[in-house]
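Chains, contacts and geometry: an overview
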Amino acid sequence: MSVSRIIRLPPLPSIRDLIKLYKLRAMKELSQNFLMEPRLISRIVRSAGSIKDCEVCEVGPGPGNITRSIIQNMPSRVLIIEKDKRFTPSLELLAESSPVPLELIFGDVMNFNLEKMFNEDNKMEWEDKCPQIHLIGNLPFNVSTPLIIRWLKAISERKSAWRYGRVRMTLTFQKEVAERMAAPIMTRERSRLSVMCQNWCRVEHKFNIPGRAFIPKPNVDVGVVRLTPLKKPIIDLPFDIIEKVVRSVFNFRQKHCIRGVETLFPKPVREQLASELLTTAVIEPSTRPFQLTVSEFGRISEAYMTICKEKPDYMKYNYRGQKSDDNWPFVEINNTDSSENIKSINEF
C-alpha cells in the first residue's frame, strides 16, 4: 500500500480569511508582501528538493502561507522564525493543527544564531552529503541582501546553521537581486553579489514570481533561488579579505579593474602597488570587473594578502572612510574589522 507524499492538514480557515479575521496588513516599513497563490507557494517548497523527514527552518512565515505547504511535504520538524508578533494567532492555530512538530520562535533573523536549532543527529561532515536540514523563506526585500551576505560569512566559517554541514537554502529575492546572484561573467547583472554567492555556493535561480501574485503588489517581480554550499570554496581565503577586494573592484564596475584595485591602497603607493598586484595575479589591468571570473578574483585576493603580510597597515586602509591620505598611515583608522583581518592574514 503506497503512502501519500502529502500530509493532509485538518480543515483550517484560508490564509486570506485569517488575514481578514485578524485584520492583518503587510507593513511597508517591514517590506512585507503576502504571497497568496497556492500553486506558486507549492512551487517554492518543491524548489528546495525533497524535504520529507527533514528539519525545515522557515524565515519570515508571515501568516503561514508557505508554512502550510512545508508541513504538507512531511518534514520531521518545522521551526519558524518571525519578527512580527501580529501573526501570532494565525501561526499558533497552524502549530496546534500541524501533524508534525512545529515550533514558533519570535526574533529578528538578522541577529538570530541558528547554532543550536537543529537535531545533532542530523549533523554531517562538511565533505559529506548535505544534512537533512533546509532553510526556506520569503524574505522581506529590505533584509534579503544583507542577510545572505551574513549567511555567506557563516558558511565560510562553518558557524550558525552551517555547524551542521552544508545546509541548503531556498529563498526569495527581488528578481534583479536573484539575477545578480546567478549572473555569469560578461553579463550586465554580474556584480559583487555574483562573486560572493558563487564562491561559496552553487546558485540556482529556479523561477520568477510576478509581482501581481503578492498582496500588496510590489513594484518588482520576485526570484526564487536555491543555494547549496560548496564542499570547497573557489577562493579559499578569509571572508573579510575576499569581501573587501571584491567590493573595491566593483566600486568602478564599468572602468578597468585597476581603478578599483587602486582603492585598496593609500595615494602615495596606489598606482605602484595596484600595478604590482595585477602583475602578480596575472590579470590584464584593462579587464573590467564584470569580465573577471571567481578564480581571477581569487588571484587578486591572494596577491593583496601577500602585500599586506609585508605591510599590515595597508589592510587598515579604507578608501571610503578615509578623509585624507596626507598623513597615512598615522591618521586614525575607523575600521572595526582591521585587527581581525590582520589576524586572519597572519593565521592563514
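These numbers come from a predicted model, not from an experiment. (Residues numbered from 1 in each chain as written. Predicted model: local features only at pLDDT ≥ 70, side-chain atom pairs only at ≥ 80, totals over all residues. Heavy atoms only, no water.)

Between its terminal C-alpha atoms helix α5 (residues 141–157) stretches 25 Å, which fits the 24 Å expected from 17 residues at 1.5 Å a residue. Among the residues of α5, Phe141, Val143, Ser144, Leu147, Ile148, Ile149, Trp151, Leu152, Ala154 and Ile155 are the ones counted as buried. The first or second residue beyond α5 is Arg158, which carries a positive phi of 55 degrees. (Helix = DSSP H or I, 4+ residues; strand = E, 2+ residues; numbered from the N terminus. Expected span 1.5 Å × (residues − 1). Buried < 20%, exposed > 50% of the residue type's maximum accessible area, 1.4 Å probe, protein only.)

Quick look at the pairing of strand β4 (residues 102–106) now. Successive side chains on a regular strand alternate, one facing one side of the sheet and the next facing the other. Direction of pairing for strand β3 (residues 77–82) relative to β4: parallel, over a ladder of five bridges. Bridge pairing in β4 places Ile81 opposite Ile105. The β-α-β motif built from β3, the intervening helix α4 (residues 88–97) and the parallel element β4 has right-handed crossover chirality. (Pairing = 2+ DSSP bridges. Right-handed = clockwise from strand over helix to strand, strands pointing away.)

Interhelical geometry of helix α8 (residues 239–250) versus helix α11 (residues 294–310) gives an angle of 110 degrees and a closest axis separation of 10 Å. Classified by the angle their axes make, α8 and α11 are roughly perpendicular. For the pair α8 and α11, the sense of crossing is right-handed. In this structure, α8 uses Ile241, Ile242, Lys244, Val245, Val246, Val249 and Phe250 to contact α11, whose residues at the interface are Phe297, Ile300, Ser301, Tyr304 and Met305. Classifying every residue of the contact of α8 with α11 gives ten nonpolar, one polar and one charged. (Axes fitted to C-alpha atoms, helices over the stretch in contact; angles between N-to-C directions. Parallel < 35°, antiparallel > 145°, perpendicular 65-115°, else oblique. Left-handed = near helix turned anticlockwise from the far one by under 90°. Contact = heavy atoms within 4.5 Å. Nonpolar A, V, L, I, M, F, W, Y, C, P; charged D, E, K, R; others polar.)

Below, the discussion takes up the sheet that holds strand β6 (residues 168–174). Spatial strand order, β4-β3-β2-β5-β6-β9-β7: seven strands in an open sheet with mixed pairing. The outermost strands of the open sheet, each flanked by one partner alone, are β4 and β7 (201–209). Strand after strand, the sheet turns through a mean of 20 degrees between neighbouring axes, direction not considered. Of the strand pairs in this sheet, strand β5 (residues 133–137) and β6 are connected by four bridges, and their pairing is parallel. In the sheet register, His134 faces β6, and the bridge partner there is Arg168.

Turning our eyes to something else, we now look at the confidence of the model for the chain. In the predicted model, the chain carries a mean pLDDT of 88, and the fraction of residues at 70 or more is 83%. pLDDT under 50 marks residues 330–348. Its contacts with residues more than four places away, or in other chains, come to 30 contacts. (pLDDT = per-residue confidence, 0-100.)

All right, on to the packing of α5 against helix α7 (residues 192–200) then. It is the contact of α5 with α7, at a shortest axis distance of 10 Å, that shows an interaxial angle of 35 degrees. The crossing of α5 and α7 is left-handed. Here Thr145, Ile148, Ile149, Leu152, Ile155 and Ser156 of α5 come into contact with α7, specifically with Arg192, Leu193, Met196, Cys197 and Trp200. When its residues are assigned to classes, the contact of α5 with α7 shows eight nonpolar, two polar and one charged.

Time to look at unusual backbone geometry. In this structure, Met74 takes a positive phi of about 60 degrees despite not being glycine. Mapping Met74 onto the fold places it in the loop between α3 (65–72) and β3.

Here the focus is helix α6 (residues 175–182). Here α6 has its buried residues at Val177, Ala178 and Met181. Looking down the long axis of α6, one finds its buried residues gathered within 100 degrees of arc, a one-sided arrangement. Residues of α6 that are buried make contact with α5, β6, α7, β7 and β9 (222–229). (Arc of directions from axis to C-beta.)

A few words now on the packing of aromatic side chains. Summed over the entire model, instances satisfying the criterion amount to six aromatic pairs. Aromatic side chains Phe118 and Tyr164 sit 5.4 Å apart centroid to centroid with 85 degrees between the ring planes, which places their arrangement in the edge-to-face category. Of this pair, Phe118 sits in the loop between β4 and β5 while Tyr164 sits in the loop between α5 and β6, placing them 46 residues apart in sequence. Comparing Phe118 with Tyr164 shows no difference in burial state: the two are buried. The ring of Phe207 has Arg43 lying over it, and the distance from NZ or CZ to the ring centre is 4.0 Å. Of note, Arg259 hangs over the ring of Phe252, and the distance from its end group to the ring centre comes to 4.3 Å. (Phe/Tyr/Trp six-rings, centres within 6.5 Å; stacked < 30°, edge-to-face > 60°. Lys NZ or Arg CZ within 6 Å of the ring centre and 35° of its normal.)

Here the focus is the pattern of salt bridges. What the rule picks out here adds up to 18 salt bridges. The partner of Arg163 in a salt bridge is Glu115, and the shortest N-O contact between them spans 3.8 Å. Taken together, the residues Arg163 in the loop between α5 and β6 and Glu115 in the loop between β4 and β5 connect sequence positions 48 residues apart. Residue Glu115 is classed as partly exposed on the basis of its relative accessible area, which comes to 23%. (Salt bridge = Lys/Arg side-chain N within 4 Å of Asp/Glu carboxyl O.)

For the rest of this paragraph, the subject is the side chain of Ser69. Tracing the backbone shows Ser69 in helix α3. With relative accessibility at 5%, the residue Ser69 sits in the buried group. With sequence-adjacent residues up to four places away left out, Ser69 is seen in contact with Ile41, Ser42 and Val45.

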